[in-house]
Amino acid sequence: MVRESFGAAIGKLILQRRKALGLTQAQAAEDAFGSSAKVRRISELEGGLVANPHPRTLDPLIVALKITEEQVEECAKRTSATPDPALDNAYREARNLIEAIAGQFEHTNPNASLSELDEFLRARALEWSDLRKRIRDIDLADQDMAELKATAVRALDQADFDEADRTLARAEDLQLTRLTLGEVRKLAELRVSRGDVALMAGRRTEATEHYISAARYLEPFSEIEACDLLHVLAEKMYETDRRSIRPVFKSAVTLLRRVLDYSCVIFDASLSSKTYYRLSLIYRNAAMQVNGSDSLDLLHKAVESARLALLSADSIEEENDENLFHNASINIALGNALFDRARLLNQIDQIDEAISIFSRLKSKLPANSNLIELVAHVSNCFAAALMTRVSILGDKAIEPDFDEVISSYEEAVSHAERCQNYEIWGAAHANMGQALAVRADITPDIGSAAFFRLRSISALLAAIETYPSTEFPLPFAQSHLRLGKVLFRQSQFADDVVKEAYMIRAVNSYQIALAVFDEQNYPSEWTSVQAELGRIFFAHAKTAGEEIADADLDRAEEHIKNALRGYEAAESHDGVRGSKEALNTLKKERTAKK
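Residues numbered from 1 in each chain as written. Predicted model: local features only at pLDDT ≥ 70, side-chain atom pairs only at ≥ 80, totals over all residues. Heavy atoms only, no water.

Draft legend 1. Representation of the overall build of the chain in the model. Along the backbone of the chain there are 28 helices and 0 strands. Burial statistics for the chain: of 594 residues in total, 50% are counted as buried. If you take every contact in the chain between residues at least 6 apart in sequence, the share linking residues at least 24 apart comes to 66%. If you sum the accessible surface of the chain, you get close to 28,400 Å²; carbon and sulfur atoms cover 51% of it. (Helix = DSSP H or I, 4+ residues; strand = E, 2+ residues; numbered from the N terminus. Buried < 20%, exposed > 50% of the residue type's maximum accessible area, 1.4 Å probe, protein only. Contact = heavy atoms within 4.5 Å. Areas by Shrake-Rupley, 256 points an atom, 1.4 Å probe, with all protein chains shown as cover.)

Shown next, in the form of structure tokens:
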């Protein structure tokens, strides 16, 4: 018999105590978390949806509902509770740090679920544990150094990042007197730890400066070691940015541009190719975060870097799986940068070059290859390039063009399943969902179009499952944007039984997306969502009863005015005109109802 999870047991206890105190879920959320908007967390817990929450994460709720420690311990004893050791240790030894980081997360992700908060804290606890261990493991034997290491660890545990940095700096100064290569490595390790502290505190520029300083210590002794260190640190900053709500990628570029100045890289084709390849990836990702000429400039750099990486790779004569993988990866980076640039410039010749690159790779990497993960990636990129071509063709695109795109995405999904790569699998589903939605829009038969949208909804939901907001917030939010649009479109052709359900789900997806795409940082996406929400509430008002219809029209007016503000700020004449026309139509609807 399977034992009940700790989350299910504590959820039942929370439900019992809430009802005993006569509180609604909203009131309990207000008492515990200071906001009734956190009602989702109460619902998750009472429904047993959080399998193994850390008891300390529940402290505010436990206090608000007057649950005793004995009751919590009893739940743990009779269930399959397995506390996360890293988080448990962090709560015990670095409570201030965990609370500070939790506060940062709550501020950045106000609508996050308890599961997402718990998952985020577990990941940060592992980082704290690793950084703490690395500081302690630095091999500095004398008593002064031992005391400084202990002080740095205590400061880190208290979230006093400035004191941790100052202490590590003093240790660094002491170490400067020991300048053998072994001692310099220890000195570099200290400086990297200072960079990690700065990165954890959110001070990216300072972290970058520390990382470069660490490499400088190594440069006179071993350029190769300095190069390897900067590659590792650039990868760390790139991955941190990739999972951030507001990625900038500038730090990773700074580190890699420094690598290109090393003579060991200039005269080594393998190192040169590896560095230019990574730069190409970073430039392309950075281009996705900006618009217009800024985006185009970064894509030019991405294409140029990929071509330079290929030039270096072509001079390597040895043929093996590692070089084949690297060469294919560079071609993928080049193809992706080309079709992104083609989309901005609306140029069919550049997209055809990208399609040709992916087509050659597909034939070169057979499906039974031991490089199946790369095959899955190529299939997804090939389909994306085809979709970009269809978008550029516009009205000239025909149904078979879309069918080839969709079948290519299905092939990517199949390959990703074989190698169990959830990131490629999720990306292929997200892209396929978008392609199916467009396919539905050009299908004249209402029934067939509805089925295409149903498939689109299914694909986008699958993508969302692979993009938890705490790991990949931007793809997660983007998938919800697409899902909201398809759900609303489906509601317009649905019968009355399910029409409202589709509208409610569309509103929910848009609201989830707005938790990431706020007005300050993503004005374009925010404005687009406001306009869509205005349309949904206006459409719902037409089918609702009088009292609900009035509330719907109020909500529609609020969102349309928000959209108008966004379009005016962006100086979008079409958007401003459309918003003003929508407000006039809404005014006429109010008049007609009176």
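Draft legend 2. Region of the structure containing the pattern of salt bridges. Here the structure, examined in full by the defined rule, presents 25 salt bridges. A salt bridge links K236 to D196, with the shortest nitrogen-to-oxygen separation between them at 2.7 Å. Of the two residues, K236 is situated in helix α13 (residues 223-242) and D196 in helix α11 (residues 181-200); the sequence distance between them amounts to 40 residues. In this structure, E557 engages K561 in a salt bridge whose closest nitrogen and oxygen atoms are separated by 3.0 Å. Highlighted residues: E557 and K561, both in helix α27 (residues 546-569), separated by 4 residues, approximately one helical turn. (Salt bridge = Lys/Arg side-chain N within 4 Å of Asp/Glu carboxyl O.)

Draft legend 3. Layout of helix α17 (residues 292-314). The end-to-end C-alpha distance of α17 is 33 Å, a good match for the 33 Å that 23 residues give at a rise of 1.5 Å each. Every buried residue of α17 is accounted for by S295, L298, L299, A302, V303, S305, A306, A309, L310, S312 and A313. Residues of α17 that are buried in the fold lie against α16 (269-287) and α18 (321-345). (Expected span 1.5 Å × (residues − 1).)

Draft legend 4. Quick look at the nonpolar core. Grouped together as the largest cluster of nonpolar side chains are 95 residues, with contacts concentrated most on Y211, L255, Y262, V265, I351, F358 and Y409. The leading source of residues in this core is helix α20 (residues 372-393), at 14 residues. With near-sequence residues (within four places) excluded, Y262 lies in contact with A215, E219, E223, A226, C227 and L230. Ranked by size, the runner-up nonpolar core spans 42 residues in total, among them I457, V486, Y522 and L564. (Core = buried A, V, L, I, M, F, W, Y, C linked by side-chain atoms within 4.5 Å.)

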